[in-house]
Amino acid sequence: MPISVNEASGVLREAVRGTIRKRSLLFLIQGGVMVAAGVLALIFPLAMSVGFLSLLGWLLILSGIVQIVSLFGATQVPYFWLQLVSVALEMIVGYLLISNPEAGLVAITFLMLVLFMVGGIARIVFALMIRPMQDWIWVLAGGVVSVLCAVVLIGALPEAAAWLLGLLLGVQLIAAGAAQGYLAWRLRTAAVA
């Protein structure tokens, strides 16, 4: 028996809602780690050096590890593969920053540009998939902030300053982490009530 698009959409939303509700603690931890990493990136945006690039790399890898842990067992959720690609890209950029910090500001700017754009698009797609869900707009806003960070970097090429990279990374991580943490918190408290 065929079902309507609205019914299929409702089933999809409920599956996503259930997955987030079951894993809300992991999503909350992930959001907290992302916000903490963003705050660190905002505190130290002017300390552009090999150490700073290594710090950025480790922050991206740590954030990616927490995101991968939160994806375990969520393979049935439609956004899984898009999110997995985004997380893998984040970890690859982090590794590249650690393994070759002297690669130059232009190369790092391009890496961050790709990271912001892909991560933002992944969050926007996810937000649109869960759209009628309560507080979906915060996930959408986090994705839009990531895309806007990419646009700012495009406008600053090729002379993008080191402080701009740290500032944009901090803003992007805080926006994405806060949105994800807030969504998980709301679903967690709704499940308890």
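This is a predicted model, so every value here is computed, not measured.

## Here we look at the overall build of the chain
Of the regular secondary structure elements, the chain holds seven helices and zero strands. Helices (α) and strands (β) of the chain occur, in sequence order from the N terminus, as α-α-α-α-α-α-α. Here the contacts in the chain between residues at least 6 apart in sequence split such that 77% fall between residues at least 24 apart. For the chain, the exposed area adds up to about 9200 Å²; of that, 75% sits on carbon and sulfur atoms.

## So, the packing of aromatic side chains
All chains considered together, the criterion is met by one aromatic pair. Seen in terms of ring centroids, Trp 138 and Tyr 182 are 6.2 Å apart; in terms of plane orientation they differ by 80°. Their pairing is edge-to-face. Of this pair, Trp 138 sits in helix H6 (residues 136-156) while Tyr 182 sits in helix H7 (residues 162-192), and the two are 44 residues apart along the sequence. When its relative accessible area of 46% is taken as the criterion, Trp 138 is described as partly exposed. In this structure Tyr 182 comes out as partly exposed when scored by relative accessible area, which is 34%.

## A short note on the nonpolar core
A general trend in soluble globular proteins is that nonpolar side chains are found buried together. Among the nonpolar cores identified, the biggest contains 24 residues, and Leu 60, Leu 97, Met 112, Phe 116, Leu 153 and Leu 169 are the most heavily contacted of them. Those elements that place two or more of their residues in this core are helix H2 (24-43), helix H3 (50-71), helix H4 (80-99), helix H5 (105-129), H6 and H7. Looking at this core, the element that brings in the most residues is H7, giving six residues. Discounting residues that sit within four places of it in the chain, Met 112 has contacts with Leu 60, Val 93, Leu 97, Leu 153, Leu 165 and Leu 169. Core analysis: the next-biggest nonpolar cluster, separate from the first, contains 18 residues, Val 16, Ile 20, Ala 127 and Leu 187 among them.

## Structural notes on the side chain of Gln 30
On the secondary structure map, Gln 30 appears in helix H2. The buried category is assigned to Gln 30, whose relative accessible area is 2%. Excluding its chain neighbours within four sequence positions, the residues that come into contact with Gln 30 are Val 66, Gln 67, Ser 70 and Gln 180.

## Some details on H6
In this model, H6 (21 residues) spans 31 Å end to end at C-alpha, consistent with the 30 Å of a helix rising 1.5 Å per residue. The complete set of buried residues in H6 reads Trp 136, Val 139, Leu 140, Gly 142, Gly 143, Ser 146, Val 147, Cys 149, Ala 150, Leu 153 and Ala 156.

## Details of the environment of Met 34
Checked against the element boundaries, Met 34 lands in helix H2. The buried category is assigned to Met 34, whose relative accessible area is 0%. Met 34 has contacts with Ser 63, Gln 67, Arg 123, Leu 173, Ile 174, Ala 176 and Gly 177, leaving out every residue within four places of it along the chain.

## Concerning empty space enclosed by the protein
Scanning all chains against the criterion turns up one cavity of 30 Å³ or more. Estimated volume of the largest cavity: approximately 190 Å³. For the lining of the largest cavity, the elements supplying multiple residues, two or more each, are H2, H3, H5 and H7. Of the residues contributing to the lining of the largest cavity, the split by class is 11 nonpolar, five polar and one charged.

## Comments concerning the confidence of the model for the chain
With 85% of its residues at a pLDDT of 70 or more, the chain has an overall mean of 79. Mean pLDDT values for the elements of the chain range from 73 in helix H1 (residues 5-22) up to 88 in H6.

## Description of the side chain of Gln 180
Here Gln 180 is to be found in helix H7. Given a relative accessible area of 13%, Gln 180 falls into the buried group.

## Notes on a nonpolar patch on the surface
There is a patch of nonpolar side chains on the surface, built from Val 39, Leu 40, Ile 43 and Phe 44 and spanning about 330 Å² of accessible area. Of note, Phe 44 is situated in the loop between H2 and H3.

Conventions we followed
Residues numbered from 1 in each chain as written. Predicted model: local features only at pLDDT ≥ 70, side-chain atom pairs only at ≥ 80, totals over all residues. Heavy atoms only, no water. Helix = DSSP H or I, 4+ residues; strand = E, 2+ residues; numbered from the N terminus. Contact = heavy atoms within 4.5 Å. Areas by Shrake-Rupley, 256 points an atom, 1.4 Å probe, with all protein chains shown as cover. Phe/Tyr/Trp six-rings, centres within 6.5 Å; stacked < 30°, edge-to-face > 60°. Buried < 20%, exposed > 50% of the residue type's maximum accessible area, 1.4 Å probe, protein only. Core = buried A, V, L, I, M, F, W, Y, C linked by side-chain atoms within 4.5 Å. Expected span 1.5 Å × (residues − 1). 1 Å grid on protein atoms, 1.4 Å probe; cavity = no way out; pocket = protein on both sides within 12 Å on 5 of 7 lines; lining within 4 Å. Points joined across faces, edges and corners; volume = space filled by probe spheres on them. Nonpolar A, V, L, I, M, F, W, Y, C, P; charged D, E, K, R; others polar. pLDDT = per-residue confidence, 0-100. Patch = residues over 30% accessible without salt bridge, like charges linked within 9 Å, V, L, I, M, F, W, Y side chains within 5 Å. Salt bridge = Lys/Arg side-chain N within 4 Å of Asp/Glu carboxyl O.

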